[in-house]
Number of protein chains: 2
Amino acid sequence: MTSNKKANREQVPNDAVFSKIRAEVLPKIRPSETERVKLEAVKAELLEAICKTAEKFHEDDIIPISVGSAERSTWLSGNHDIDLFVSYPEGVSREEMETRSRRLLMEVAKTGDSWEDRHSEHPYIHMTKSGFEVDLVPCFRVKSASDIKSAVDRTPFHCCFVKERISGKEDDVLLLKQFMKSTGVYGSEVRNGGFSGYLTELLVIWYGSFENVLQNAACWRFGQTIDIVGHQTLSHEDPLVVIDPTDPKRNVAAALSLTRFAQFINVAQRYMQSPNVDFFIKKEYAPLSVSEFKEIMKCRGTEWVGLVFDAPKKADDTLYPQLFRLENSLGEILAANDFAVMNTHSFAENKCLILFELMSKTLPPLQKRVGPPVWAADNAKSFYDKYKNAEETFSLKIKNEFLVAEIVRKYQTAESLIADKILKEAALGRHVRAAVSDGYEIIGLDEICEIKSPAFWKWMAEKLTKQI
Amino acid sequence: MTSNKKANREQVPNDAVFSKIRAEVLPKIRPSETERVKLEAVKAELLEAICKTAEKFHEDDIIPISVGSAERSTWLSGNHDIDLFVSYPEGVSREEMETRSRRLLMEVAKTGDSWEDRHSEHPYIHMTKSGFEVDLVPCFRVKSASDIKSAVDRTPFHCCFVKERISGKEDDVLLLKQFMKSTGVYGSEVRNGGFSGYLTELLVIWYGSFENVLQNAACWRFGQTIDIVGHQTLSHEDPLVVIDPTDPKRNVAAALSLTRFAQFINVAQRYMQSPNVDFFIKKEYAPLSVSEFKEIMKCRGTEWVGLVFDAPKKADDTLYPQLFRLENSLGEILAANDFAVMNTHSFAENKCLILFELMSKTLPPLQKRVGPPVWAADNAKSFYDKYKNAEETFSLKIKNEFLVAEIVRKYQTAESLIADKILKEAALGRHVRAAVSDGYEIIGLDEICEIKSPAFWKWMAEKLTKQI
């Protein structure tokens, strides 16, 4: 783990190049006055609706709070998210809170254009109103963020901590968010594993400016630790450790994947070496046409095996961990059975698709099985007895200290292997197991070519051709 | 390293089964009286020829010595080897010894049916006489085996040590030698890497009987150490360590390969579990016919690549280490370039042939190159600059902490890889390098099928179908 030291916390590069870039980028990403006014209006309207509804239900113990980037002027132009929390006294039971908040928030939601019930750790309501995406979230009004009753109880503390310190650095947060978005490392949902908004704000608070965040990130290594208020109590085995200033036990960057962490380091290195506005422009991938895809696959020369099943109706943060687990587990099973796995991917819309790109979908019948060392006498005997003169045995020899049998391979195609192992040995989360048990298909290049979803072909374009 | 302890040195299994096997096997492997008489006659004749020739040249300082199994009655029936050493005083220079011994021994050799000059560490003469294979070897008459001037000077000491202790156990040596021969672990030439005659004799001296050698060997592990006279002065990192009773620094089993060591342990375990005369009968492999070979290859489904070049005119003990080095080195190069290597083999007659059995001789164009971790910033930059937008690049991404490029594979066939690397990167010993530089061919299944040598097809049968 590296130390908490900052290379140059106060040294804000005041280089003309950086200033020029800021001047060019900021007007495009800073919300316009019109956007601000509109957001404030919708926010006010909703807060009022909450208060009125609470009054109607005689719930005078609740307090509505606006949290999130909308509250701290760190939202990117074009982003229309509003997060409104409704806090209940700590003494209220979880059950009572859920019942009461449901009644309250559904009433509020009806004032919107559409709404739906959602679940993460606990229920909340997502609504749209005048073009804004609004989350209405009930929480407990706890005394400290280290003493929460539900995961969301921390958010008001986060909001408060940032609000008190971010003033004057809002533009740096906007630059960092846009930079992270365009380079693919922003977004802490499980599917992405990137940086959260709160994390970007803490980095700007700590390092002082967008450029200083990047200058320091370029030198980060695994275990980089930042403890703004100096109150860390636990050690964390994560790529980046940013101790929550509102909770000494928590790593704000716990959900950041090693890949996204490394990606940010790399892009920070490249930006500091040749700063350029292009880093702030997200590369859009045009959906591949089937003929483009076929052409690419001809060049790659690899083969695809895909597993398809109906997508469980679950939020991405519930579904994707299960998909990734299955993807990894099947990838390991394929590799353990001698298939050379080049890439694995997971995609979900109405169907889930787990894709394996292999050097070859078929293997020759000859398989080498390395057995125990001769000095594990009992195991050696079992291995010998199993393969000696067995019908599937080509040869039985000793190589170095091990017994080695050459036998007829059981799974000569990736399809037969997956079909045999999927329900017996693969790692299946609850919802994915149910979906796979209901039925699945194993597909190849031809069936992939029949997929119509433009989102799939856009995703595929990125997977096959992305260059950081 | 395991200790010097013997499990049951004195406990000779007196089991009826063992006795029955001895009674059945020994008459077949013990030299007949006729054989003995004939060997003694040839030996005497040669010793006399040496003495007479020495007299003729006025060399009264030499002493002829009979060494080897012929001298200690531990030779197997049908074996017609005679080893005669001619010792020179220690004070004689190496040069003088070589000149004098050459004159002397060539005169003696002419009394035989045929003869040739041979080289190992120093020159000696091999001759045939009345059906016997005779080695005439000059050596120095040193005071002790730990103070030798040439490697062969030890042999008379070995012979002396064994002769004094083997009396009454000759049959056990014969059984052990025959057992080792038939199970493929006998023969200390580099090509084989098995047990030497001297080593088998020491094992019998130490453990007391054939059966006790096996009973103990069944429990051996890597590093098993035997120090008969308890005078070990160096530690050895070998599978089996048998300290030379005539030289405290030397491991008699230094040339024993891990594979042969393990093979002996395994076969000892199996013999002790189900003793059987079949263990004393060497399985002979009938040469494969081309159609049998093709049928086997159809079942295996693998592909062959072979490297052929003229065999350097060198003794096996010089040639094979170089062949094995090249075999290993090319195997590693193939594996490092994603070829799945199932087996590698080396064969030499008038041509050398190094064979690689691969899952496939061809690979898809897509190659994954894993680069440096992002925090090795300079290396990461070089890797990035090399592959970013390069013509051969499919994609450039970060996976975990590493930069990863998907590129067009340079070597899509094993043949092109070997042809490009053989002289540039492969490990080539002196004689093999010269031979390969003079020209080589890279062959496949069709060319292998054109090989006419019965020895090759016998060897191939064993390689493809052997079951221990």
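What you see is a predicted model, and the numbers here were worked out from it, not measured in a lab.

> Teacher, can you tell me more about the overall build of chain A here?
Counting its regular elements, chain A contains 16 helices and 15 strands. Its C-alpha atoms give chain A principal-axis dimensions of about 85 × 55 × 50 Å. Burial statistics for chain A: of 468 residues in total, 53% are counted as buried. Pairs at least 24 apart in sequence give 67% of the contacts found in chain A among residues at least 6 apart. Roughly 20800 Å² of accessible area belongs to chain A as shown, and the carbon and sulfur atoms make up 50% of that amount. With 62 positive and 68 negative side-chain charges, chain A shows a separation of 3 Å between the mean positions of the two kinds.

> Explain the UniProt feature "binding site: Mg(2+)" (unreviewed entry) in chain A to me, please; I cannot follow it from the model alone.
All names here are of chain A. If you check UniProt for "binding site: Mg(2+)" (unreviewed entry), the listed places come out as Asp81, Asp83 and Asp135 in our numbering. Look at the named residues: they lie 55 residues apart in sequence, but the longest C-alpha span between them is just 7.9 Å, so in the fold they bunch up. Positionally, Asp81 belongs in strand β2 (residues 81-89). Classification of Asp81 as partly exposed rests on a relative accessible area of 36%. Discounting residues that sit within four places of it in the chain, Asp81 has contacts with Leu39, Ala70 and Glu133. Position of Asp135 among the secondary structure elements: in strand β5 (residues 132-141). Beyond its immediate chain neighbours, meaning those up to four positions away, Asp135 contacts Ile82, Asp83, Leu84, Tyr124, Ile125 and His126.

> How should I be thinking about the sheet that holds strand β10 (residues 341-348) of chain B in this particular structure?
In a beta sheet, neighbouring strands are held together by backbone hydrogen bonds and run either parallel or antiparallel to one another. All names here are of chain B. Across the sheet, which stays open at both edges, the 4 strands sit in the order β10-β11-β9-β15 with antiparallel pairing between neighbours. A strand with exactly one partner marks an edge of an open sheet, and here the two such strands are β10 and β15 (441-443). Across the sheet, the mean angle from the axis of one strand to that of its neighbour is 15°, orientation sign disregarded. By the bridge criterion, 7 bridges tie β10 to strand β11 (residues 351-358) in an arrangement that is antiparallel. Residue Val341 lies in a different strand from β11, and its bridge partner there is Leu358. Each of β9 (303-310), β10 and β11 touches helix α11 (residues 316-336); the most contacted strand, β10, lies at about 155° to it.

> Even after reading the chapter, I still don't get the relation of the copies chain B and chain A, so can you show me in this structure?
One chain copy maps onto the other through a rotation about an axis and a shift parallel to that axis. Each copy superposes on the other: chain B lies on chain A with an RMSD of 0.1 Å after a rotation of 180° and an axial shift of 0.0 Å. Such a combination of rotation and displacement between the chain copies is what one expects of a two-fold axis. For chain B, the smallest separation between a C-alpha atom and the rotation axis is recorded for B:Ala340, amounting to 4.5 Å. The share of interface residues of chain B whose copies in chain A are also at the interface is 100%, consistent with both copies meeting through the same surface.

> I would appreciate a short explanation of the interface of chain B and chain A in the present structure.
The extent of an interface is frequently quoted as the accessible surface area lost upon association of the parts. Contacts between the two partners involve 55 residues from chain B and, on the opposite side, 55 residues from chain A. It is B:Trp375, B:Gln467 and B:Ile468 in chain B that bury the most area against chain A; as a group they hold 15% of the surface buried on that side. Our count for the contact surface shared by chain B and chain A stands at 2 salt bridges. For B:Glu406, the salt bridge is made with A:Arg300, and the minimal N-O distance between the two is 3.0 Å. Where chain B meets chain A, there are 32 residue pairs in polar contact (both at pLDDT 80 or more).

> How should I be thinking about the pairing of strand β13 (residues 393-399) of chain A in this particular structure?
Sheet faces and side chains relate simply in a regular strand, where the side chains alternate between the two faces. Residue and element names in this part refer to chain A. Along β13, 6 of the 7 residues are buried, which leaves the element largely enclosed by surrounding structure. Alignment of β13 against strand β14 (residues 402-408), held across 6 bridges, turns out to be antiparallel. Bridged to Leu396 within β14 is Ala405.

> Help me out: how do you make sense of the packing of helix α6 (residues 170-182) of chain A against helix α9 (residues 258-273) of chain A in this one?
Helix-helix packing: each pair is described by the crossing angle between the helix axes and the interaxial distance. Residues and elements named next belong to chain A. It is the contact of α6 with α9, at a shortest axis distance of 11 Å, that shows an interaxial angle of 110°. When the interaxial angle is binned, α6 and α9 end up roughly perpendicular. Between α6 and α9 the crossing geometry is right-handed. Judged by residue contacts, Leu176, Phe179 and Met180 of α6 engage Phe264, Val267 and Tyr271 from α9. When its residues are assigned to classes, the contact of α6 with α9 shows 6 nonpolar, no polar and no charged.

> What exactly am I supposed to notice about the sheet that holds β14(A) here?
Residues and elements named next belong to chain A. Across the sheet, 3 strands lie side by side as β12-β14-β13; this open sheet has antiparallel pairing. For this open sheet the edge positions go to β12 (366-373) and β13, each flanked by a neighbour on one side alone. Along the sheet, successive strands turn relative to each other by an average axial angle of 20°, direction set aside.

> In this structure, what is going on with the pattern of salt bridges? I would like to understand it.
Two side chains with opposite charge may pair up if their charged atoms get near one another. All names here are of chain A. Within the structure shown, the criterion is met by 62 salt bridges over all chains. Glu98 is the partner of Arg94 in a salt bridge, and the nearest nitrogen-oxygen pair spans 3.5 Å. A residue pair is termed a helical-turn pair when its members lie 3 or 4 positions apart in one helix, as Arg94 and Glu98 do in helix α4 (residues 94-109) at 4 residues. For Asp247, the salt bridge identified is with Arg154, shortest N-O distance 3.6 Å.

> Help me understand the packing of helix α10 (residues 290-300) of chain A against helix α16 (residues 454-465) of chain A in this model?
Residue and element names in this part refer to chain A. Contact geometry of α10 with α16 gives a least axis separation of 12 Å together with a crossing angle of 25°. Between α10 and α16, the crossing angle belongs to the class labelled roughly parallel. Note on packing geometry: the crossing formed by α10 with α16 is left-handed. Contact residues: α10 offers Val290, Phe293, Ile296 and Arg300, while α16 offers Trp457, Met460, Leu464 and Thr465.

> Explain unusual backbone geometry to me, please; I cannot follow it from the model alone.
Note: most residues except glycine have negative phi, and most peptide bonds are trans. Residues and elements named next belong to chain B. Even without being a glycine, Asp338 presents a positive backbone phi close to 80°. If you trace the backbone, Asp338 turns up in the loop between α11 and β10. Backbone geometry places Asn400, a non-glycine residue, at a positive phi of 55°. Its location among the elements puts Asn400 in the loop between β13 (393-399) and β14 (402-408).

> Would you explain a negative patch on the surface in this entry?
Residue and element names in this part refer to chain A. A grouping of Glu441, Asp446, Glu447 and Glu450 is seen on the molecular surface, where their side chains present a negatively charged patch. As for its placement among the helices and strands, Glu441 is situated in strand β15 (residues 441-443). Looking at Glu441, the relative accessible area reads 47%, which means it is partly exposed.

Rules of the game
Residues numbered from 1 in each chain as written. Chains lettered and ligands numbered in written order. Predicted model: local features only at pLDDT ≥ 70, side-chain atom pairs only at ≥ 80, totals over all residues. Heavy atoms only, no water. Helix = DSSP H or I, 4+ residues; strand = E, 2+ residues; numbered from the N terminus. Buried < 20%, exposed > 50% of the residue type's maximum accessible area, 1.4 Å probe, protein only. Contact = heavy atoms within 4.5 Å. Areas by Shrake-Rupley, 256 points an atom, 1.4 Å probe, with all protein chains shown as cover. Lys, Arg positive; Asp, Glu negative; His and termini not counted. Charge placed at Lys NZ, Arg CZ, Asp CG, Glu CD. UniProt positions renumbered as here; feature names shortened; annotations may be inferred. Pairing = 2+ DSSP bridges. Axes fitted to C-alpha atoms, helices over the stretch in contact; angles between N-to-C directions. Least-squares fit on C-alpha atoms with pLDDT ≥ 70 in both. Buried area = accessible area lost by both parts, 1.4 Å probe. Salt bridge = Lys/Arg side-chain N within 4 Å of Asp/Glu carboxyl O. Polar contact = N/O pair within 3.5 Å; in protein donor to acceptor, adjacent residues only side chain to side chain. Parallel < 35°, antiparallel > 145°, perpendicular 65-115°, else oblique. Left-handed = near helix turned anticlockwise from the far one by under 90°. Nonpolar A, V, L, I, M, F, W, Y, C, P; charged D, E, K, R; others polar. Patch = residues over 30% accessible without salt bridge, like charges linked within 9 Å, V, L, I, M, F, W, Y side chains within 5 Å.

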